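The chain contents come next:
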Amino acid sequence: MTEEEYLVLDELYFVTSFDNLKQETNLSEESLKLTLKTTIEKGWVRCFNSPEEEIEITMDDFEERYTSFFYLASKKGLFAHNAQ
């Protein structure tokens, strides 16, 4: 797990918007985007249209709308985070 992945997962114990996640992690938008993409691909992070509506996304959807989504660590992601 990279340092960036650890930082992101540390903030995703609750559903969090992209903007809030960016502010809390102090990562650049590009770095946060890349980290979210890899953690989603690993199954560590889930995506939401709103704080209550989880969605399945394609990477094309992610590329187009990543700033409008909300994010939450998955059970797998929490285990990976806590194993560090």
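Quick note: structure is the one above.
What comes next is a walk through the structure. (Residues numbered from 1 in each chain as written. Predicted model: local features only at pLDDT ≥ 70, side-chain atom pairs only at ≥ 80, totals over all residues. Heavy atoms only, no water.)

**Quick look at the sheet that holds strand β1 (residues 16–17)**
Here is step 1 of the chain: Spatially, 4 strands are ordered β1-β4-β2-β3 in an open sheet, and the strand pairing comes out antiparallel. At either end of the open sheet lies a strand with only one pairing partner, and these are β1 and β3 (53–55).
Here is step 2 of the chain: Taken together, the 3 bridges between strand β2 (residues 45–50) and β3 define a ladder with antiparallel strand orientation. The residue of β3 that forms the bridge with cysteine 47 is isoleucine 55. (Pairing = 2+ DSSP bridges. Helix = DSSP H or I, 4+ residues; strand = E, 2+ residues; numbered from the N terminus.)

**Some words on helix α5 (residues 75–82)**
Here is step 1 of the chain: Taken residue by residue, α5 has Gly77, Ala80 and His81 as its buried positions. One side of α5 carries all its buried residues, which in axial view fall inside an arc of 100 degrees. Away from the buried face of α5 by more than 90 degrees, exposed residues Lys75, Lys76, Phe79 and Asn82 are located.
Here is step 2 of the chain: In this structure, the buried residues of α5 make contact with α1 (3–10). (Buried < 20%, exposed > 50% of the residue type's maximum accessible area, 1.4 Å probe, protein only. Arc of directions from axis to C-beta. Contact = heavy atoms within 4.5 Å.)

**Digging into the packing of α1 against helix α3 (residues 29–41)**
Here is step 1 of the chain: As a packed pair, α1 and α3 sit with axes 10 Å apart at the nearest point and diverge in direction by 80 degrees. The pairing of α1 with α3 is recorded here as roughly perpendicular in orientation. Packed against α1, whose contacting residues are Glu4, Glu5 and Val8, the element α3 presents Ser31, Leu32, Thr35, Leu36, Thr38 and Thr39 at the interface.
Here is step 2 of the chain: The residue inventory of the contact of α1 with α3, partitioned by class, reads 3 nonpolar, 4 polar and 2 charged. (Axes fitted to C-alpha atoms, helices over the stretch in contact; angles between N-to-C directions. Parallel < 35°, antiparallel > 145°, perpendicular 65-115°, else oblique. Nonpolar A, V, L, I, M, F, W, Y, C, P; charged D, E, K, R; others polar.)

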